[in-house]
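Geometric and topological summary
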Amino acid sequence: MLNVKRGLKSWKRIVRDEVHNIKPYIPGKPIKEVKEELGLAEVYKLASNENPLGVSPRVKEVLTRETVNINRYPDGASRSLKRSLSDKLGVKEDMIAIGNGSDGLLKVIAEAFLDNNSQAVISYPSFVEYKFVSQLMGTQLIRVWMKNYHQNLEALARGVTSKTKLIFLTNPHNPAGTIFRKDELEQFLSQIPDDVIVVLDEAYHEFVQDESYPDGIEYVKQGYPVIVLRTFSKAYGLAGLRLGYAISAPDIIETLMKVRDPFNVNHLAEKAGQAALEDKDFLEATIRNNEQGKEYLYTELDKIGVGYVPTQANFVLIRTGVDSIKMFKELLKHGVIVRPGKPLGYPHHLRVSIGLPEENEAFIRGLKLTLE
Ligand SMILES: *Cc1c(COP(=O)(O)O)cnc(C)c1O
């Protein structure tokens, strides 16, 4: 008979220290579960920056057509998607890596470069995945405080030491929704040593309206040690399929390709991604809806006197000034799921995804009731 008690003790000893120190990610609750738990007929999810318009009809068509092929392994090189991206972005195919979401690529990047004798520089607060992948590799994090909801590029550059391997930047920033400008990025890049790689996460690239916004791919083309990350999860509405890509110099991409799983992108995701790129109308409708929703939220928040950070993404960081977890629970009772700011580093804020008009209205209604 196996002695369970003793068995437990001994296997715990062999877990890597890095893993011991990681707190498990707590995913948001699905709509169905919230409905059942609270006995609500209508629940609006504005928590994960998903596309409120759903999925492009072209994607649906392709998925129906391609399902019969999933007995086969996917094309491990994602050739056809790389070709489409290469045409669209004006970069060679050997400058593109495809991943299981940009989360998957962040892990590949960490595994390729980081170890327990190196440092990575991040903003605080910033997207949780940077901290996760760095901790997993035992890498020391140098954290630089945000400055008035903006990444402090000057301080981030000063955080670089001889041990620094990666710097994680997010443009637009999540959860603040703010951007840094071309001139700021150029000034920053000119200060970074050649043996440090800048990971430029542009998950919300498609939503940006500000003219001064830099296109990260331009800097890859100019030869800077930059890895640009983009995703199909946000503007293209494919969060559930898991698809992202990295653009960088061919030798950096080759290094990443060594580390990834041989079949890290599933067949349906690859085909869906290609179809999504072709549907320009859907992307335009997505951006139009986002702009209109943004204007509506600004107007209503101004009316009730609640502060917010003007956004370049598909979510708004709202400064309620009260405990975010309490606020989150109150809004849940009104059938609206938002993201409490506390785990994101803004304990008196809420991050609210911009939804369809009726979803935004439900949020404002709930907010008013909660603040009464
Ligand atoms: C949503 C998000 C991602 C994750 O994208 P996936 O492709 O779904 O893994 C990456 N970075 C930031 C900043 C995000 O907000």
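Right, let's walk through the structure included here. (Residues numbered from 1 in each chain as written. Predicted model: local features only at pLDDT ≥ 70, side-chain atom pairs only at ≥ 80, totals over all residues. Heavy atoms only, no water.)

Another point: the site of the ligand. Taken together, 14 residues are adjacent to the ligand, and Asp201, Tyr204, Thr231, Ser233 and Lys234 come closest. Side-chain polar atom of Asp201 to a nitrogen atom of the ligand: 2.6 Å apart, as the coordinates give it. Between the ligand and Arg242 there is a distance of 2.7 Å, counted from an oxygen atom to a side-chain nitrogen or oxygen. Relative to its unbound accessible surface of 390 Å², the ligand loses 94% to contact with the protein. Take the shell around the ligand: its biggest share by element is three residues, from helix H6 (residues 101-113). Here the shell around the ligand is composed, by residue class, of four nonpolar, six polar and four charged. (Near = heavy atom within 4 Å. Polar contact = N/O pair within 3.5 Å; in protein donor to acceptor, adjacent residues only side chain to side chain. Areas by Shrake-Rupley, 256 points an atom, 1.4 Å probe, with all protein chains shown as cover. Helix = DSSP H or I, 4+ residues; strand = E, 2+ residues; numbered from the N terminus. Nonpolar A, V, L, I, M, F, W, Y, C, P; charged D, E, K, R; others polar.)

Quick look at the pattern of salt bridges now. Taken as a whole and judged by the stated rule, the model has 16 salt bridges. The shortest N-O distance in the salt bridge between Arg181 and Glu184 comes to 3.7 Å. (Salt bridge = Lys/Arg side-chain N within 4 Å of Asp/Glu carboxyl O.)

A separate point is the pairing of strand S6 (residues 197-201). A regular strand carries its side chains on alternate faces of the sheet. S6 sits mainly inside the fold: five of its five residues count as buried. Of the two faces of S6, the one holding Ile197, Val199 and Asp201 and the one holding Val198 and Leu200 are both buried throughout. In this fold, S6 hands off to helix H10 (residues 216-221), which returns the chain to strand S7 (residues 226-231); that crossover is right-handed. (Buried < 20%, exposed > 50% of the residue type's maximum accessible area, 1.4 Å probe, protein only. Right-handed = clockwise from strand over helix to strand, strands pointing away.)

The next point concerns the environment of Ile192. Looking at the element boundaries, Ile192 is found in the loop between helix H9 (182-191) and S6. Overall, Ile192 belongs to the buried group, its relative accessible area being 9%. Setting aside anything within four residues of it in sequence, one finds Ile192 in contact with Ala157, Val160, Ile167 and Val198. (Contact = heavy atoms within 4.5 Å.)

The next subject is the pairing of strand S3 (residues 119-124). Most of S3 sits inside the fold, with five of its six residues counted as buried. For the segment spanning S3, helix H7 (residues 128-136) and strand S4 (residues 140-145), crossover handedness is right-handed. When S3 meets strand S5 (residues 164-170), the two strands line up parallel, connected through three bridges. From the neighbouring strand, Gln119 faces S5, where its bridge partner is Thr164. (Pairing = 2+ DSSP bridges.)

Right, let's talk about the nonpolar core for a bit. Core analysis: the largest hydrophobic core is formed by 51 residues, its most contacted members being Leu85, Ile167, Leu169, Phe188, Phe232 and Ile247. Ranked by residue count, the leading element in this core is helix H12 (residues 267-278), at five residues. The residues that make up this core include at least three from each of domain 1 (26-54 + 281-371) and domain 2 (57-278). When sequence neighbours within four positions are dropped, the list of residues in contact with Leu169 reads Tyr130, Gln151, Leu153, Leu156, Phe180, Leu185, Phe188, Val198, Val199, Leu200 and Asp201. (Core = buried A, V, L, I, M, F, W, Y, C linked by side-chain atoms within 4.5 Å. Domains from an automatic or database assignment.)

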